[in-house]
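# Topology and contacts: notes
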Amino acid sequence: MSVDFAAMSAAHLRDAVAANEVEPGAAVRGSFARSGAVGAGRDGLNAIIWADAARSTREADALAERVNQAQGSRAPHGSGRELLGVPVAVKDNIATLELPTTCGSHILEGYVSPFEATVVSRLRRAGAVVVGKTNMDEFAMGSSTEHSAYGPTHNPLDPTRVPGGSSGGSAAAVAAGVVRIALGSETGGSVRQPAAFCGVVGVKPTYGRVSRYGLVAFASSLDQVGVFGASVDDAALAMEVLAGLDPLDATSADVPVAPYRATAHESVEGLVVGRPKEYFPESLPPRMRERCDRALAALEAQGAVVREVSLPHTDLAIPVYYIVAPAEASSNLARFDGVRYGLRVQGDGLRGMYEATRSAGFGPEVTRRILLGTYVLSAGYYDAYYKKAQEVRGLLAGDFAAVFGSGVDVLFTPTTPTPAFRIGAVSDPYEMYLNDIFTATANLVGVPAMSVPVGRIDGLPVGGQLMAPHFREDVMFRAAYALERALGEEAHR
Amino acid sequence: MAVSETDVRHIAALARLGLPEGRIGALVAELNGILAHMEELSKVKTREAVPVAGVAAGGMPLREDTGPPLPLARARDRFAPAVRDGFLLVPRLATHTAAGAVADAGGDAAELPE
């Protein structure tokens, strides 16, 4: 039996599987059928680059025992049934045991991890089935998913356009209805920006909220595993499963996890929503501004209080980000040298092997960022660039602390300055970096943030961004759900 | 501050990147284009700013200096480019010529353990 689960929320599908109304294997077969129908694979949208339908279906069929244990009962946290039979996709920089983990890079072509990321283990423990690894900008460096060794991913809403990046494959897989939930990773907006471009929900949790064990490191003071959902409820359900302390990740925090799905339904009456003026510059296209202001009005209509606020150092976020992130990347990516895993290209002696391997294995954007990062950390330039950037990062953190300390519960901004652009339209590196202008701040200061659809311009989705204080994902989901409920179909028109 | 071709060759060497000679000029232009935007930071007064090295709320917690076991699901020779007797093999260093001679004398070793 094939299941059209694309129209069912993850929780609805989970309940149907637990009630024995839908076989878990059928749900997974339905996902692969949908993937084939929309061309999500390498010869189509190129959203999913590694998959093994037979293995995934076997894994789903093996969930029958858990279905019998469920006996139609609900799926409380820790029951092993929170995502029973729900197909999920995983970004290609998150370690899986059975499928390759290549980070969209030639240097890791064919690499299959000998361990599994905690987030993948948690999904599987909850009954989810991984149906594919998704395409991405190489090592998560990009904002369009054009910079993958395995070719660009196309936006399902308009295949001539990018899906955003770097987690563009995951966003496209959700937007195309292949899965309701997908994992991505965030360093400067790599979940929220593609979520905005593809018209789905994208969540970047608080730094430390979700384990990074098994996420291939790019910039360790910024990286977080993120979640895509076809709806706020899907994303909240996934976050309930993923969040929490992990002894395998020293940066994960021991902070209680709220029942995000339930708290999302609470009223926004009296919620103070900050509208930072720096995120609504003169250069913002009028129709982007109109969609965002309509969303703010929808929150106001439900009793929220919208307040104009200022985050005065916002303009400095991109220069800070593009010093800190490449600096950390230049260190983290030193491990790819042909010795322990992945590609090896012989050269003249050990050093020659290192250079030949890295030269052949890394693409142009990764090479550029490693060079940039090495430069800003090198003797004579460290103080002027890296140290200065960390100081300004402190100013950015101060901006957010002041606003949240003044009684603002959540901030609302556009997620991106424009809707999805055409494939190949942006060739200047810095112009591409400016795609992160509204998203990089949340990574730099560690607060949770998410993108929700708030409308379309000429058929292209527009995302609205919500940012909350550290570990207040519950408040963020509450505002997001209120928006989703209030806008209804308008969010996709 | 602008980078020169010499700078790019130097940082490429530091980063162990082998760059084709024909790519150097383009990289100089690209990096200078990016660095020009970074100059904005030099105008910001940060005398009283506290540098932020991380954003973990409450800082990084101290933990027991013992990690949990990390069993690998597959052996090294399934994912490493060159392995022998459980060791990762790398090309011989020039400074290891003498040791290499001993290894060569012993048989087929063109490479030495790390």
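These remarks concern the structure in this document.

Definitions and limits used
Per chain, the residues get numbers from 1 upward, laid out in the order the sequence is written. Chain A is the first chain written and ligand 1 is the first ligand written, with later ones labelled in order. Local features in this predicted model are restricted to residues of pLDDT 70 or higher, and side-chain atom pairs are both shown and tallied only at a pLDDT of 80 or more, whereas totals for entire chains, interfaces and linings draw on every residue. Working definition of a contact: two residues with C-beta atoms, positioned from the backbone, lying within 7 Å. Only DSSP runs of H or I covering at least 4 residues are called helices, and only runs of E covering at least 2 are called strands; the numbering of each starts at the N terminus. Around each residue's C-beta, the other C-beta atoms within 10 Å are counted; 20 or more make the residue buried, 12 or fewer make it exposed, and counts in between make it partly exposed. All C-beta atoms are placed from the backbone.

## Observations concerning the interface of chain A and chain B
- Counting from both sides, the interface comprises 60 residues of chain A and, opposite them, 50 residues of chain B.
- Every element with two or more residues in the side of chain A that touches chain B is listed here: α11 (317-332), α12 (349-361), α13 (364-377), α14 (383-405) and α15 (429-433) of chain A.
- Residue contributions to the side of chain A that touches chain B peak at 12 residues, all from α14(A).

## Focus on the environment of F412(A)
Residue and element names in this part refer to chain A.
- Mapped onto the elements of the fold, F412 is located in strand β9 (residues 410-414).
- We classify F412 as buried; it has 24 C-beta atoms within 10 Å.
- Through-space distance from the C-alpha of F412 to that of L466 is 4.7 Å; in sequence the pair is 54 residues apart.
- Leave out the neighbours within four places in its chain, and F412 touches V273, R275, A295, L296, G464, Q465 and L466.

## Thoughts on helix α6 (residues 168-175) of chain A
All names here are of chain A.
- Among the eight residues in α6, eight count as buried, and that is most of the element.
- Those residues of α6 lying buried are G168, G169, S170, A171, A172, A173, V174 and A175.
- In the stretch just after α6, G177 is the one whose phi turns positive, near 80°.

## Description of the environment of A327(A)
All names here are of chain A.
- Along the chain, A327 falls in helix α11.
- We classify A327 as buried; it has 24 C-beta atoms within 10 Å.
- Put simply, A327 and V119 are 208 residues apart on the chain and 26 Å apart in space, counted from C-alpha to C-alpha.
- For A327, the contacting residues outside a window of four places in its chain are G373, V376, L377 and Y386.

Remember that the coordinates give geometry; whether it matters functionally is a separate question.
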